[in-house]
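Listed below are the residues making up each chain.
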Amino acid sequence: MSRSRMHRRGLAWGAAALLVAGVAVPAAAYASDSGQSVAHTPKSKQAKNVILLIGDGMGDSEITLARDYTVGAAGRLNMDKFPSTGAYTTYAVDKNGKPDYVTDSAASGTGWATGHKTVNGRISKTPGTDKPLPTILELAQKNGLATGSVTTAELTDATPAVLASHVGDRSCQGPADMKKCSADTLRNGGLGSIAEQSVNHKVDVLLGGGKARFDQTITEGPYKGKTVTEQARKLGYQIVTDDKGLSAVKPGKPVLGLFAPGNVPVEWTGKPAAVGGTDPQRCTTGNAGRPAGTPRLENQTRKALALLEAKQSKKHGNGKGFFLQVEGASIDKQDHAADPCGQIGETAAFDRAVKVARDYAAKHPDTLVVTTADHGHTSQIVPLEATPPGLSSTLVTNEGGKLKVNYSTNTPGQSQEHTGTQVRIAAQGPNADRVLGVTDQTDLFTTLRTALRLR
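The numbering scheme is per chain: residues are counted from 1 as the chain's sequence reads. Local features in this predicted model are restricted to residues whose pLDDT is 70 or higher, and side-chain atom pairs enter the listing and the counts only when it is 80 or higher, whereas totals over whole chains, interfaces and linings include all residues. Calculation of side-chain values draws on the structure's entire complement of heavy atoms; hydrogens and water are dropped beforehand.

Trainee: Please set out the state of the cysteines residue by residue, giving values where relevant.
Mentor: Sulfur atoms of two cysteines make up a disulfide when they are within 2.5 Å. Enumeration according to the criterion identifies 2 disulfides in this entry. Bridging Cys172 to Cys181, the disulfide has an S-S length of 2.0 Å. On the sign convention where negative is left-handed, the bridge of Cys172 and Cys181, at about 90° about the S-S bond, is right-handed. The same class applies to Cys172 and to Cys181, which are both buried. Burial here depends on accessible area, computed with a 1.4 Å probe over protein chains only, as a share of the maximum for the residue type. Under 20% is buried, over 50% is exposed, and the range in between is partly exposed.

Trainee: How would you sum up empty space enclosed by the protein? Please name residues and give values.
Mentor: A 1.4 Å probe that fits into a set of points on a 1 Å grid over the protein atoms alone but cannot get out defines a cavity; an open set with protein on both sides within 12 Å along at least five of seven lines defines a pocket, and lining residues are those with an atom within 4 Å of a point. Grid points are joined across faces, edges and corners, and a volume is the space filled by probe spheres set on the points. Counted according to the given criterion, the structure contains 4 cavities of 30 Å³ or more. By volume, the largest cavity amounts to about 80 Å³. Lining the largest cavity, in full, are Asp204, Val205, Pro251, Gly252, Lys253, Pro254, Val255, Leu307, Leu308 and Lys311. A per-element tally of the lining of the largest cavity places helix 10 (residues 297-311) first, with 3 residues. Only Asp, Glu, Lys and Arg are considered charged, only Ala, Val, Leu, Ile, Met, Phe, Trp, Tyr, Cys and Pro nonpolar, and every remaining residue, Gly among them, polar. Its residues assigned to classes, the lining of the largest cavity comprises 6 nonpolar, 1 polar and 3 charged. Looking at the second largest cavity, its volume works out to about 50 Å³. In terms of lining residues, the second largest cavity is bounded by Leu137, Ser149, Leu155, Pro160, Leu163, Ala164, Ser198, Val203 and Leu206. Numbering of helices and strands runs from the N terminus, with a helix taken as a DSSP run of H or I at least four residues long and a strand as a DSSP run of E at least two residues long. Sorting elements by how many residues they give to the lining of the second largest cavity places helix 5 (residues 158-164) first, with 3 residues. In terms of residue class, the lining of the second largest cavity is built from 7 nonpolar, 2 polar and no charged.

Trainee: Which residues make up the sheet that holds strand 14 (residues 380-382), and what values do they have?
Mentor: At least two bridges found by DSSP between two strands are what make those strands a pair. Strand order in the open sheet formed by 4 strands is 11-15-16-14, and the pairing between neighbours is antiparallel. Edge positions in the sheet fall to strand 11 (274-275) and strand 14, since each of these pairs with one other strand and no more. With 3 bridges connecting them, strand 14 and strand 16 (residues 402-407) associate as antiparallel partners. By the bridge assignment for strand 16, Gln380 is matched with Asn406. Contacts are residue-level and defined by heavy atoms, with any inter-residue pair within 4.5 Å sufficient. Each axis is a line fitted through C-alpha atoms, taken for helices only over the stretch in contact, and angles between the N-to-C directions span 0 to 180 degrees. Across the sheet, helix 2 (residues 60-70) touches strand 14, strand 15 (391-396) and strand 16, and the angle it forms with strand 14 is around 55°. This element, helix 12 (residues 340-363), spans strand 15 and strand 16 of the sheet and lies at about 60° to strand 15.

Trainee: Tell me about the side chain of Thr159, and name the residues and values.
Mentor: Its location among the elements puts Thr159 in helix 5. Residue contacts for Thr159: discarding those within four places in its chain leaves Ile54, Asp56, Ser105, Trp112, Gln325, Glu327 and Asp374.

Trainee: Talk me through the nonpolar core; I want residue IDs and the actual numbers.
Mentor: By nonpolar core is meant a set of buried Ala, Val, Leu, Ile, Met, Phe, Trp, Tyr and Cys residues that side-chain atoms within 4.5 Å join together. Counting residues in each nonpolar core, the largest one holds 86 residues, and the members touching the most others are Ile51, Leu53, Leu256, Phe323, Leu324, Leu368 and Leu448. Among the elements that make up this core, the one with the highest residue count is helix 12 (7 residues). Counting 14 residues, the second-largest nonpolar core is a separate cluster that includes Tyr69, Ala273, Leu391 and Leu403.

Trainee: Account for the environment of Gly109, with residues named and values stated.
Mentor: Checked against the element boundaries, Gly109 lands in helix 3 (residues 105-114). In sequence terms Gly109 and Ile123 are 14 residues apart; their C-alpha atoms lie 7.9 Å from each other.

Trainee: Tell me about the packing of helix 10 against helix 12, and please be specific about residues and values.
Mentor: In contact at an axis separation of 8 Å, helix 10 and helix 12 are set at 30° when each is read in the N-to-C sense. Classified by the angle between their axes, helix 10 and helix 12 sit roughly parallel to one another. Every pair of crossing elements has a handedness; the one defined by helix 10 and helix 12 is right-handed. Residues Leu297, Glu298, Thr301, Arg302, Leu305 and Glu309 of helix 10 touch helix 12, and the partners they reach there are Ala349, Phe350, Arg352, Ala353, Val356 and Tyr360. Here the contact of helix 10 with helix 12 is built from residues that sort into 7 nonpolar, 1 polar and 4 charged. Orientation labels follow simple angle bins: below 35 degrees gives roughly parallel, above 145 gives roughly antiparallel, 65 to 115 gives roughly perpendicular, and whatever is left gives oblique. Left-handed is the label given to a crossing in which the near helix is rotated counterclockwise from the far helix by less than a right angle, and right-handed is the label when the rotation is clockwise.

Trainee: Just give me the short version of the pattern of salt bridges, but keep the residues and values in it.
Mentor: We count a salt bridge whenever a side-chain nitrogen from Lys or Arg sits within 4 Å of a carboxyl oxygen from Asp or Glu. A full pass over the atoms with the stated rule returns 20 salt bridges. Across the pair Lys355 and Asp359 runs a salt bridge whose closest N-O atoms are separated by 2.7 Å. Taken together, the positions of Lys355 and Asp359, both in helix 12 and 4 residues apart, correspond to about one turn of that helix. Beyond isolated ion pairs, a larger network of salt bridges with shared partners links Glu267, Arg290, Arg296, Glu298 and Arg352.

Trainee: Describe the side chain of Asp169, listing the residues and the values that go with them.
Mentor: In this structure, Asp169 sits in the loop between helix 5 and helix 6 (194-200). We note that Asp169 is buried and unpaired, the nearest opposite charge coming from Lys180 at a distance of 4.6 Å. Under the rule applied, a polar contact is a pair of N or O atoms within 3.5 Å (in protein, one hydrogen donor and one hydrogen acceptor; residues adjacent in sequence only if both atoms are side-chain atoms). Within the local environment of Asp169, its side chain forms a polar contact with the side chain of Ser171, the two groups lying 2.6 Å apart. Setting aside residues up to four positions removed in sequence, Asp169 forms contacts with Gly121, Lys180 and Cys181. Only four residue types enter the tally: Lys and Arg on the positive side, Asp and Glu on the negative side; His and the chain ends are excluded.

Printed below as a string of structure tokens:
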């Protein structure tokens, strides 16, 4: 055997041994879902674009449940196909910086948005002194990048809010919601409500729910007497409220899409979990309560990418790239409600948005794509013979098997709770290797900032 062949064989055996031992080995290349071969980008290469996808409350149990139901136990979701996969810790802190082991979405989002831990309920502010912290979106704007945020929640909900606002409490979403944020009011020298701050930031693409927040009347400052939606129009935003309007939007001006009064209605329905369980059920892959013309998350993601790509082109911008965050918000909300069908449908919808992002990156290998969750949640797959003390439901999966889901983090009738477990993080593109192993939520901020070379 030649020396070169022995060397290649040794490398192959070494890689195999690492895989058996459970160590991730980044591939030299991988295939996208469209069949294109995409080179594994060296960790030192700069990213031009970042797409960050957040499955709210999407712990390993939520991923496994959606996989088992939709593609089978041996199948793989789009989010399972990233070449680099690790885990990160998600705890919050108290005002003295001591660990609070179960985070909410405000503190967790602040972690990756700013690189700093904070107290539960706070939006991109310090834990002890309540001072604003610079966010990844603000840094991207400062460096000339186009920016966007897409969500199935209200645009003023915690996960999108951490990018372009700073308030002491996540409840301060609109001008009429400032009861817990007196220091953040304009009259006291603050920046106003989350809705006001979001449009004042002139984020290029804002798509989601929460129209009722933006229809509130501003009570102080230069836009007093106007609604936040009117404020957005004054700042040059194109306002759209359905998929037809979204499709017609042209690049060149910022876009505010408000597709529901509150959270965007879920895609799937079914019987919620119950004490003593439910009869075996199939989920209904539709929702009579979801108005016609409500754009799907994957379509919002595709349009956002097209608008941001146009914005950072030489024609409309400076060619410096973009930062986009996409949130599948109601995985969490349906977990709180112990509604497995709603939860699975939202995870499947999020997974289709992941495919859109990966397909984009296949054609633009200078794009870093990261998918993760903000925290774990309550659902657990348990044996069919188990008799959980709380709420449970039995599902009949697409492969014809029965699967029992248990929700027991709170007493029946109460909202189910987040958990303090570490969660998955996966990536492809420049600096994707930084997610390997076990990191912390705050490390994601450094990964994004390093990949984009933000100063």
